[in-house]
Amino acid sequence: MSAPSPAKNWLLSAPALALYAAFLLTPLIMTFVLSFHQFDFYKGIDDTYSLTNYMLVLSDSYYYEIFGRTFAIALVTTAICVVIGVPLSYFLSRMRPGPRSVMILVVLGPLLISVVVRTLGWAILLGRRGVINAALMDIGLITRPIKMMYTSGGIVLALVHVMVPFMVLAVWASLQRQDPATETAAESLGAHPFTIFRRIVVPQAMPGVLSGSLIVFSLSASAFATPAILGGRRVKVIPTVVHDEFMNTLNWPLGAAIAMLLMVSILVIMISWNRMVETRFGKAHA
């Protein structure tokens, strides 16, 4: 049976490519073009084009601070997800099929709940008179409420809750390709279980850690509902700034420019991280 021609392959892919262009590329191109427009508070969006919006963002320390906060929250969220996700994925890979199915359902639980409902649940827990503060005061550990709402820590905690499943699934899929004989050989040579985990399991799980980190970081940096509800007006991140520009000040060109800078920044960080990890991983296993 002869292989299909390249033209036939493109024809077969045409419906998917058209859908991709319609729902992803077209909005991105429109946002990119919009970011070069001018805005006047009396006349609205002008048809003139310039780099004014980009120069405004790149020359203002206010936006640098918000970009730094956004990426710091995403980086801390990713690091915590790695610390939680790698051991949890290893335990999943060692479990029997029945209990493993139940545990996977538990891990995926946060993804089955609406992001708004889930975040409002965290607001009830972290509020000044929330469940956590009330419990700590009742048992006498604190005398006054701890500030957890409208802080970067509260945002990170809520983001970790929903991002851990992505890390677990990525690492678990990587561990499924692991050769069990390597662990058996290490045990027969008298290696400690922690040494086996650190020297054998973790290196073989690195492809999953890499892919999971990219997913968690990009989703955390672009998250809107969780920072908007738990951060409020005090802890602003780039997605909430973009929302404010579009919905409050109605300066769509500036909001589009900030959104494009966020997308480019995430892409640059992801590509750099991908190359760095793959280079080190490849050298370690060459």
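The structure we're discussing is the one just above.
On a predicted model such as this, the values are computed, not experimentally measured, just so you know.

Some points on the pattern of salt bridges
Okay, so step 1: Within this structure, the stated rule accounts for 2 salt bridges.
Okay, so step 2: Notably, a salt bridge pairs E65 with R69, separated by 3.1 Å at the nearest N-O pair. Of this pair, E65 and R69 are both found in helix 3 (residues 61-94), 4 residues apart, which corresponds to roughly one turn of the helix.
Okay, so step 3: On the accessibility criterion, R69 (21% relative accessible area) is partly exposed.
Okay, so step 4: A salt bridge links K236 to D244; the nearest nitrogen and oxygen atoms lie 2.5 Å apart.

Here's the deal with unusual backbone geometry
It is generally the case that most residues other than glycine have a negative phi and that most peptide bonds are trans.
Okay, so step 1: For Y150, which is not glycine, the phi dihedral falls at a positive 60°.
Okay, so step 2: Owing to a relative accessible area of 36%, Y150 belongs among the partly exposed residues under this scheme.
Okay, so step 3: The backbone of L250 sits at a positive phi, close to 65°, despite the residue not being glycine.
Okay, so step 4: Mapped onto the elements of the fold, L250 is located in the loop between helix 11 (238-247) and helix 12 (252-284).
Okay, so step 5: For L250, a relative accessible area of 49% gives the class partly exposed.

Thoughts on the nonpolar core
Okay, so step 1: Counting 34 residues, the largest nonpolar core has C81, V171 and L230 as the members making the most contacts within it.
Okay, so step 2: Mapped onto this core, the elements with two or more residues apiece are helix 3, helix 4 (97-108), helix 5 (115-126), helix 7 (152-175) and helix 9 (193-221).
Okay, so step 3: A total of 13 residues in this core trace back to one element, the largest contributor, which is helix 7.
Okay, so step 4: Excluding anything up to four places from it in sequence, C81 contacts V86, V160, M163, V164, M167 and V216.
Okay, so step 5: Counting residues in each nonpolar core, the second largest holds 20 residues, with V57, Y63, F217 and I238 among its members.

Things to note about helix 7
Okay, so step 1: The end-to-end C-alpha distance of helix 7 is 33 Å, a good match for the 34 Å that 24 residues give at a rise of 1.5 Å each.
Okay, so step 2: When the local axis directions of helix 7 are compared, the greatest deviation, roughly 40°, occurs at V162, which is followed within four positions by the proline P165.
Okay, so step 3: Judged by how many residues are buried, helix 7 sits mostly within the fold: 17 of 24 residues are covered.

Rules of the game
Residues numbered from 1 in each chain as written. Predicted model: local features only at pLDDT ≥ 70, side-chain atom pairs only at ≥ 80, totals over all residues. Heavy atoms only, no water. Salt bridge = Lys/Arg side-chain N within 4 Å of Asp/Glu carboxyl O. Helix = DSSP H or I, 4+ residues; strand = E, 2+ residues; numbered from the N terminus. Buried < 20%, exposed > 50% of the residue type's maximum accessible area, 1.4 Å probe, protein only. Core = buried A, V, L, I, M, F, W, Y, C linked by side-chain atoms within 4.5 Å. Contact = heavy atoms within 4.5 Å. Expected span 1.5 Å × (residues − 1). Bend = angle between axes of the 7 residues up to and from the residue.

Scope: geometric values only; no functional claims are made or implied.
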